[in-house]
Amino acid sequence: MEIVHTPVLLQECLSLLSPVGESFEQDAFMIDSTLGEGGHSYNFLEKYPSLKITGLDADSIIQKRAKERLAPFGDRMTFFNGWFNDFYKNYPAESRHPDIILFDLGISVFHYERSGRGFSFRHDEALDMRLNTDAGESAADVVNNMPETQLANMIYLYSDERYSRRIASAIVNARQSERIESSKALADLIYNAVPGNYRHGQIHPATRTFQALRIYVNSELKRLPQALHDAFNVLEAGGKMGVITFHSLEDKIVKNYFRNLGKQCVCPPEVAVCRCGGTPCAQLITRKPVEPSEEEIKMNSPSRSAKLRVVRKLRNADDLRLYGVEAI
């Protein structure tokens, strides 16, 4: 089987999230929250022979590829098909708590190159962008039905696209004549909607709008805060959680959550007297995000915006609202 996706910050993950302590090293359990084609899991299983992993993915098609790739590891690898926020929210109390949790929040290259769902405008594909094609609105539903003001605001919020209003207006005008169904049709429409000098920048003028649509369609930022919180509480005390982000909106959520977990007092500002006991919930292993080397970026250009943050759990966290990570 040809592997399309290259896992980012792999060596850094293997090092910073290594099983620690005699019990962990001999019988460690990891949850790969974003399995994809199984790149990170494959290397963890290979490096740590006693490690067992459960891999989560909302996309059953890419998970099938991961199952084939990871079959040689036998019962050391198990799988869950579904969203990570649902998995951690409903984690059985009687089940073993993981020693390691990894989130890689990037979209697999497989989705851009092989899925046929319109994640990329390099190919003329149906405008879908859903990781789980059995539920929710497709990208085509959004661009053809969302009111213009809401569409412009969504594009700006999720991508910081400076011409979001102009792009939204062009989409609404175009869809009055015919439904926008393909990635190429949308990309061409955006290209013609923006000023001439904007068409020849470092990235294609449709890049940010496509990012915004993907984030919106898959509720990526809405799922993340609660998923981080629930995953942290599922994690075994002394265990480690790492999160790889790829854009500033994701990283802000992770940074704030981890930073607040590491504070001596995590009570909200309106509480006059500390009620939390003054004990941090986590130790920050990475006080600054770990970023890819120049060599990795040359070998794997999608890694250029990746940031890895890692914490070690000391105790459970309490109310999610204390950590300033409300959903966007």
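Let me sum up the structure you'll find in this document. (Residues numbered from 1 in each chain as written. Predicted model: local features only at pLDDT ≥ 70, side-chain atom pairs only at ≥ 80, totals over all residues. Heavy atoms only, no water.)

### With respect to the overall build of the protein
Assigned secondary structure in the protein consists of 14 helices and 7 strands. Computed over C-alpha atoms, the radius of gyration of the protein comes to 21 Å, within 12% of the 20 Å expected from 2.2 N^0.38 for 328 residues, which places it in the range of a compact globule. By its C-alpha atoms, the protein is 65 × 55 × 40 Å across when sized along the principal axes. Sorting the 328 residues of the protein into buried and exposed places 54% on the buried side. Taking contacts inside the protein between residues at least 6 apart in sequence as the whole, the part at least 24 apart equals 72%. Summed over its atoms, the accessible surface of the protein is roughly 15,500 Å², and 47% of this surface lies on carbon and sulfur atoms. Taken as two groups, the 40 positive and 42 negative side-chain charges of the protein have centres that lie 5 Å from each other. (Helix = DSSP H or I, 4+ residues; strand = E, 2+ residues; numbered from the N terminus. Rg over C-alpha atoms; globule rule 2.2 N^0.38 Å. Buried < 20%, exposed > 50% of the residue type's maximum accessible area, 1.4 Å probe, protein only. Contact = heavy atoms within 4.5 Å. Areas by Shrake-Rupley, 256 points an atom, 1.4 Å probe, with all protein chains shown as cover. Lys, Arg positive; Asp, Glu negative; His and termini not counted. Charge placed at Lys NZ, Arg CZ, Asp CG, Glu CD.)

### Some details on helix H11 (residues 207-217)
Within the sequence span of H11, burial applies to Thr-209, Phe-210, Ala-212, Leu-213, Arg-214, Ile-215 and Val-217. Just downstream of H11, Ser-219 is the residue with a positive phi angle, here 50°.

### Details of the packing of aromatic side chains
For the structure on display, the rule yields 11 aromatic pairs. Relative to Tyr-48, the ring of Phe-44 has its centre 6.1 Å away and its plane inclined at 40°; by these criteria the two rings are tilted. Of the two residues, Phe-44 and Tyr-48, neither departs from the other in class, the shared state being buried. An angle of 70° between the planes, with centres 5.5 Å apart, marks the rings of Phe-87 and Tyr-91 as edge-to-face. When its relative accessible area of 13% is taken as the criterion, Tyr-91 is described as buried. Counting every residue linked through ring pairs, the aromatic cluster contains Phe-80, Phe-84, Phe-87, Tyr-88, Tyr-91 and Phe-103. (Phe/Tyr/Trp six-rings, centres within 6.5 Å; stacked < 30°, edge-to-face > 60°.)

### Description of the nonpolar core
Counting residues in hydrophobic clusters, the biggest one holds 66 residues, and the most contacted among them are Tyr-88, Phe-103 and Met-241. Per-element tally for this core: the top contributor is helix H12 (residues 220-234), with 7 residues. Beyond its immediate chain neighbours, meaning those up to four positions away, Met-241 contacts Leu-17, Ile-101, Phe-103, Leu-228, Ala-231, Phe-232, Leu-235, Phe-258, Arg-309, Val-310 and Val-311. Among the nonpolar cores identified, the runner-up in size contains 25 residues, and Leu-9, Leu-35, Ile-53 and Leu-308 belong to it. (Core = buried A, V, L, I, M, F, W, Y, C linked by side-chain atoms within 4.5 Å.)

### Comments concerning the side chain of Glu-37
Positionally, Glu-37 belongs in the loop between strand E1 (29-32) and helix H3 (39-47). Of note is the side chain of Glu-37, whose polar atom sits 2.7 Å from the side chain of Arg-65. (Polar contact = N/O pair within 3.5 Å; in protein donor to acceptor, adjacent residues only side chain to side chain.)

### What about the pattern of salt bridges?
In this structure the tally under the stated criterion is 9 salt bridges. When the shortest N-O distance is used, the salt bridge between Arg-130 and Asp-128 registers 2.9 Å. Its relative accessible area of 14% is what places Arg-130 among the buried residues. Overall, the relative accessible area of 14% leaves Asp-128 in the buried class. Here Arg-179 ties to Glu-181 by a salt bridge, and the two come within 2.7 Å at their closest N and O atoms. Assessed through its relative accessible area of 38%, Arg-179 is described here as partly exposed. When its relative accessible area of 42% is taken as the criterion, Glu-181 is described as partly exposed. Overlapping salt bridges, with partners in common, bring together Asp-27, Arg-96 and Asp-99 in one network. (Salt bridge = Lys/Arg side-chain N within 4 Å of Asp/Glu carboxyl O.)

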